[in-house]
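# Close look at the chain arrangement
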Amino acid sequence: DGNSDDEASVSPDSRWVIFASRRSGDWRLWKVSIDGGDAVQMSDLSAREPQVSPDGKMIACEYREDINSPWRMALLPFEGGTAVRKFDSPGAKEFRWSPDSRSLIYNDLPQSVGNLWSVSIDGGPAKQLTQFKAEWIFNFDLSPDSKQLVIARGTITNDVLLIKDFR
């Protein structure tokens, strides 16, 4: 509604839209009926990039403790409220739920090389899924049966060009 609403995720039952908004100052997650109406703030957590789990019970998101903190991952109950789990993944960018809603798969960018990792929502250490030695992962997704994975990988090149005596 013009309040910096962004980054929507639809619930598996297609009844709700979860989105990030700055309407209360910093990023927060909000929920609105697919039929419209008033949006409800879901948590006081500074959060963005919501992803509703395939079973519709949880929302994974990026969060930060304050404006100077790095973005990390957290789990919120679908009903909203406080985070039920926070992950120490400061390099995570782009994440997806596993089709069984038991883990999160995320792109971690240590030392400018992208690799995919999986972390169980029940706890335990993250498990590295890919062993790439070069290039970034720009985006990825899983097929619903988890048998196929698509990854967009590559490099970023920045050149500076000086033009003299341009007429």
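Structure report, in brief. (Residues numbered from 1 in each chain as written. Predicted model: local features only at pLDDT ≥ 70, side-chain atom pairs only at ≥ 80, totals over all residues. Heavy atoms only, no water.)

### Overview of the overall build of the protein
Heads up, the rule is: Note on conventions: DSSP H or I runs of at least 4 residues are helices, E runs of at least 2 residues are strands, and numbering of each starts at the N terminus. In this scheme, a residue with accessible area under 20% of its type's maximum is buried, one over 50% is exposed, and one in between is partly exposed, where area comes from a 1.4 Å probe on protein chains only. Should any heavy atoms of two residues lie within 4.5 Å, those residues are counted as being in contact. For the accessible areas, the method is Shrake-Rupley and the probe is 1.4 Å, while residue cover comes only from the protein chains on display. Only four residue types enter the tally: Lys and Arg on the positive side, Asp and Glu on the negative side, with His and both chain ends excluded. Where a charge sits is defined by one atom per residue type, namely NZ (Lys), CZ (Arg), CG (Asp) or CD (Glu).
Of regular secondary structure, the protein possesses zero helices and 14 strands. Going residue by residue from the N terminus, the α and β elements of the protein occur as β-β-β-β-β-β-β-β-β-β-β-β-β-β. When its C-alpha atoms are laid out on the principal axes, the protein stretches across 60 × 45 × 30 Å. Counting all 167 residues of the protein, 40% fall into the buried class. Long-range pairs, those at least 24 residues apart, make up 30% of the contacts in the protein with a sequence separation of at least 6. For the protein, the exposed surface amounts to about 10,000 Å²; the carbon and sulfur share of it is 49%. Distance between charge centres in the protein, computed from 20 positive and 25 negative side chains, equals 4 Å.

### What to know about the nonpolar core
Note the following rule: Residues belong to a common nonpolar core when they are buried Ala, Val, Leu, Ile, Met, Phe, Trp, Tyr or Cys residues joined through side-chain atoms within 4.5 Å.
Counting 15 residues, the largest nonpolar core has I18, L29, L45, A47, I59 and C61 as the members making the most contacts within it. Broken down by secondary-structure element, the contributors of at least two residues to this core are β2 (16-21), β5 (46-52), β6 (58-64) and β7 (72-77). Element by element, the count of residues in this core is highest for β6, at three residues. Grouped together as the second largest cluster of nonpolar side chains are eleven residues, F95, W97, Y106 and V119 included.

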